[in-house]
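What follows is the residue order along each chain.
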Amino acid sequence: MLVSSCCPAGYLLGYLIHRKTQVEPLACGNEPKADAHPEVAPLPGAQMDWGDVTQLLTEKLTTEALSKTLSACDLPRRSAGSVEDKFLANHIFKEFQKVEMDPWTDIHYVQLQTPDSQRPNRVRFGADVFEPTGYLAYSATGQVQGKLVYGNYGRPQDLDVLQDKNVSLRDSVLLLRAGQISFAEQVDNAAAKGAAAVLIYPDAQDYQYRADTALYGHVHLGSGDPYTPGFPSFNHTQFPPTKSSGLPKIPAQTITANMATALLRSGFKGGLSATYRLGGGENISVEVNNVLVNKEIHNVFGVIKGFVDPDQYVVLGAQRDAWGSGYAKATVGTSVLIELAKAVSEMVEKDGFRPRRSVVFASWSAGDYGSVGATEWLEAYMSSIDKRVVTYISLDGVVVGRGSFVASASPLLYGLLENTMKGVKSSAGSDSLPMSIDDPAYPFLAMSGVPSVSFHFISPNTEAYMYYGTDLDHKDHLDYQTNHRTSEMAATAAQFAGQMALRLVHDRLLRLDVSRYNGVLTKAVAQIYKRINQLLKSGQLKGLNPTWLNRARGAFQRATISINNDIRNSNLDDKEACRILNGRIMSVEHALLSPYVSPVETPYRHLLLGRGPHTLASIAETTDMEQLHTPLALATWNLQGCANGMVGNIWDLDEEI
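Residues numbered from 1 in each chain as written. Predicted model: local features only at pLDDT ≥ 70, side-chain atom pairs only at ≥ 80, totals over all residues. Heavy atoms only, no water.

As recorded in an unreviewed UniProt entry, the protein chain goes by Transferrin receptor 1b and comes from Gasterosteus aculeatus aculeatus. Per UniProt, the comment on the protein chain under Subcellular location (unreviewed entry) is "Cell membrane". (UniProt positions renumbered as here; feature names shortened; annotations may be inferred.)

Printed below as a string of structure tokens:
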């Protein structure tokens, strides 16, 4: 592990545990329905009233303060590991120092992929030769040729349409529109169908900007440094050479809308002036010459220590890097992070606020390469994170418009989200979305079992911010999207994130509602029941009964009821009683990680929200009858183990399974 000689003894996780270098500048049963999480009054006496907490926070998070910090953090470029990235890291470090947060820095040495300045990536089609400026990090390299086939967004249903029309995808070069799913998922879907390469472009129907705009991204179907999967990139020489299972095996490259126009000919609906065809005649050549570079990246942390349970903490994090200016992607989140740190520090130092638990503020690097900095930190402290981190709140992209609000979260946080929305003055309508693999909060939730949330103030009738991954993600475009109220919306976003975080560190009982998983789980089990019954009736499957899985679901539901009953019947002025209850609540998310799959091969181990053959969603869709029994049995015991963990005492375990 590489650390500086000035590393002090530490306390918090990455601080209390291992502090880093300081660097200056269906109805499947008839079980009773679980009640909602009981309301609990705040501590008397020294504990500040919650209404006073929210009022203080609102007073300190002003539009003027956010405007000033936004200007200070706005840089024309900030690529991961660059001089500008480290300049910002030092700026954040000093801001944390000013409010006496005793900051520290976590250093990693990671492999990032960049274009080769001597050998540009090329696309050849007939007499046309294109050399795109944009690129897709972690693409396979080399040169391939194949028939050009248009595949819409590259979703499974899009590629199935092609095969239904007898369009061969094997050894083809798929031309795909950006959007709907991540670049990594597009390339993975194409490779699964036998494609030789993928080209991705921003279609004018989805992206209303200049047709010569370059597009950047990554195609690692995972997160973190793909050359140290499952372990941290402190020093590569410690580990044998290995690669993430999520690295693509075919070349992938972005092209501009103008380049795509030259390639498209006839037969498919879209927004370009040319009409689209399904599959083609002429060969196209794709050459990707990206190179790996070793970069030193810095994650910067500050902490406000709790007064009762300082070893438990909420983490608020924001990525600092971007392909270009990254104003919406990185500048806003970084500014919100800094202002929240200042506001909460002042509340503690000057206003008498005494959080029970700690609040950690984290600035991540290499987020645009797939949450690399954040994932490396998670991998470094995997053995203790689930026992310490109460919740992760992502500040990435919190303002990309005005007038609407969307959030993705663990079901444990649904109630907190709903209550916080009521407490923050905003006219935005709200909606919830499943958490996608490219969400910065996803590694915390699906890989580490930490209840996590990401949220975005966005323009109405908009699914995503069109300027992400381009040089057009700058202040002027975001100001247009917010009707020139970017600073105001940033202050609102800061209040929203701040109220969620402070509620979790203020109350004696954690605001994590275990009963909210019951509906998600019942729906997932119902899908498996439906699938197995179909297979049994068709004769494709014999000798398999999902009853045991349903019993495990029932045990889980009864365990949530048990927790809520114990909350009602406990004296919450008793610190030890609170810690025991909170420990049971905190165990839920991590216990839903499958212990039966490798974190190297299958990093997103979450039974319900992860990716891989172990998940209930995958079991419900499996076509491999011979392999169905084992995943179903392991998922059943994974779920039963989670239920057992919630009960607490081994003599109270539910033996009905």
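From this point, things continue past the structure.
**Student:** Any details on the packing of aromatic side chains? Residues and values, ideally.
**Tutor:** Under the defined criterion, the tally for this structure stands at 25 aromatic pairs. With a centroid separation of 4.8 Å and an interplanar angle of 55°, the aromatic rings of W323 and Y369 are classed as tilted. Residue W323 is found in the loop between β12 (309-319) and α7 (327-351), and its partner Y369 is found in the loop between β13 (357-364) and α8 (372-380); the two are separated by 46 residues along the sequence. For Y369, a relative accessible area of 6% gives the class buried. The interplanar angle of 45° and the centroid separation of 5.5 Å between the aromatic rings of W364 and W377 together place this pair among those described as tilted. Placement of the pair is W364 in strand β13 and W377 in helix α8, with a sequence separation of 13 residues. Pairwise contacts between aromatic rings join W104, F301, W364, W377, Y381, Y392 and F444 into one cluster. We note K329 situated over the ring of Y468; from NZ or CZ to the ring centre the distance is 5.1 Å. Its guanidinium or amino end placed over the ring of W548, R551 lies 4.8 Å from that ring's centre, counting from NZ or CZ. (Phe/Tyr/Trp six-rings, centres within 6.5 Å; stacked < 30°, edge-to-face > 60°. Helix = DSSP H or I, 4+ residues; strand = E, 2+ residues; numbered from the N terminus. Buried < 20%, exposed > 50% of the residue type's maximum accessible area, 1.4 Å probe, protein only. Lys NZ or Arg CZ within 6 Å of the ring centre and 35° of its normal.)

**Student:** A description of the pairing of strand β17 (residues 452-458) should follow, citing residues and the corresponding values.
**Tutor:** With 7 of 7 residues buried, β17 lies mostly within the body of the structure. Alternating positions in β17 separate into two faces, S452, S454, H456 and I458 on one and V453, F455 and F457 on the other, with burial throughout. The sheet contact formed by strand β14 (residues 389-394) and β17 spans 3 bridges and is parallel. Within β17, the residue paired with S394 across the bridge is S454. In this sheet, β17 lies alongside strand β15 (residues 404-409) in antiparallel orientation, the contact comprising 6 bridges. Within the sheet, the bridge partner assigned to A407 lies in β17 and is F455. (Pairing = 2+ DSSP bridges.)

**Student:** Give me unusual backbone geometry: which residues, what numbers.
**Tutor:** Backbone geometry places D102, a non-glycine residue, at a positive phi of 50°. Inspection of the secondary structure assignment puts D102 in the loop between α3 (83-98) and β1 (104-114). Judged by its relative accessible area of 35%, D102 is partly exposed.

**Student:** Describe in detail the pairing of strand β2 (residues 122-125), supporting the description with residues and values.
**Tutor:** Only one face of β2 is covered, namely the face carrying V123 and F125; the face carrying R122 and R124 is uncovered. Taken together, the 3 bridges between β2 and strand β3 (residues 128-130) define a ladder with antiparallel strand orientation. Bridge pairing in β3 links F125 to D128. With antiparallel pairing between neighbouring strands as the criterion, β2 and β3 make up a hairpin whose turn holds 2 residues, including G126 at a positive phi of roughly 65°.

**Student:** Quick rundown of the packing of helix α15 (residues 547-569) against helix α18 (residues 629-647)? Include the residues and the values.
**Tutor:** Running from amino to carboxyl end, α15 crosses α18 at an angle of 15°, the nearest separation of the two axes being 8 Å. Considering the angle they form, α15 stands roughly parallel to α18. Relative to α18, the crossing made by α15 is left-handed. Taken together, the residues of α18 that come into contact with α15 (itself represented by W548, L549, R551, A552, R553, A555, F556, A559, T560 and I563) are L632, T636, L639, Q640, C642, A643, M646 and V647. A per-class count over the contact of α15 with α18 returns 13 nonpolar, 3 polar and 2 charged. (Axes fitted to C-alpha atoms, helices over the stretch in contact; angles between N-to-C directions. Parallel < 35°, antiparallel > 145°, perpendicular 65-115°, else oblique. Left-handed = near helix turned anticlockwise from the far one by under 90°. Contact = heavy atoms within 4.5 Å. Nonpolar A, V, L, I, M, F, W, Y, C, P; charged D, E, K, R; others polar.)

**Student:** Any chance you could break down helix α13 (residues 486-506) for me, citing the residues and the numbers?
**Tutor:** Given a rise of 1.5 Å per residue, 21 residues ought to cover 30 Å, and the 29 Å separating the end C-alpha atoms of α13 matches this to within 8%. Burial within α13 is extensive, with 20 of its 21 residues counted as buried. (Expected span 1.5 Å × (residues − 1).)

**Student:** Tell me about the nonpolar core, and please be specific about residues and values.
**Tutor:** If you look at the biggest cluster of nonpolar residues, it comprises 136 residues, and the most contacted ones within it are L316, L340, F361, I393, L395, F455 and L616. With near-sequence residues (within four places) excluded, L316 lies in contact with L337, L340, V359, V360, F361, A362, Y392, I393, L395, A497 and A501. Listed in part, the 28 residues of the second largest apolar core include F234, F301, V389 and L445. (Core = buried A, V, L, I, M, F, W, Y, C linked by side-chain atoms within 4.5 Å.)

**Student:** Tell me about the environment of V332, and name the residues and values.
**Tutor:** Here V332 lies in helix α7. The buried category is assigned to V332, whose relative accessible area is 0%. Sequence separation between V332 and V398 is 66 residues; the distance between their C-alpha atoms is 7.4 Å.

**Student:** Which residues make up a nonpolar patch on the surface, and what are the values?
**Tutor:** On the surface, Y596, L634 and W637 cluster together to form a nonpolar patch covering roughly 290 Å² of accessible area. In this fold, W637 is placed in helix α18. Overall, the relative accessible area of 45% leaves W637 in the partly exposed class. (Patch = residues over 30% accessible without salt bridge, like charges linked within 9 Å, V, L, I, M, F, W, Y side chains within 5 Å. Areas by Shrake-Rupley, 256 points an atom, 1.4 Å probe, with all protein chains shown as cover. Salt bridge = Lys/Arg side-chain N within 4 Å of Asp/Glu carboxyl O.)

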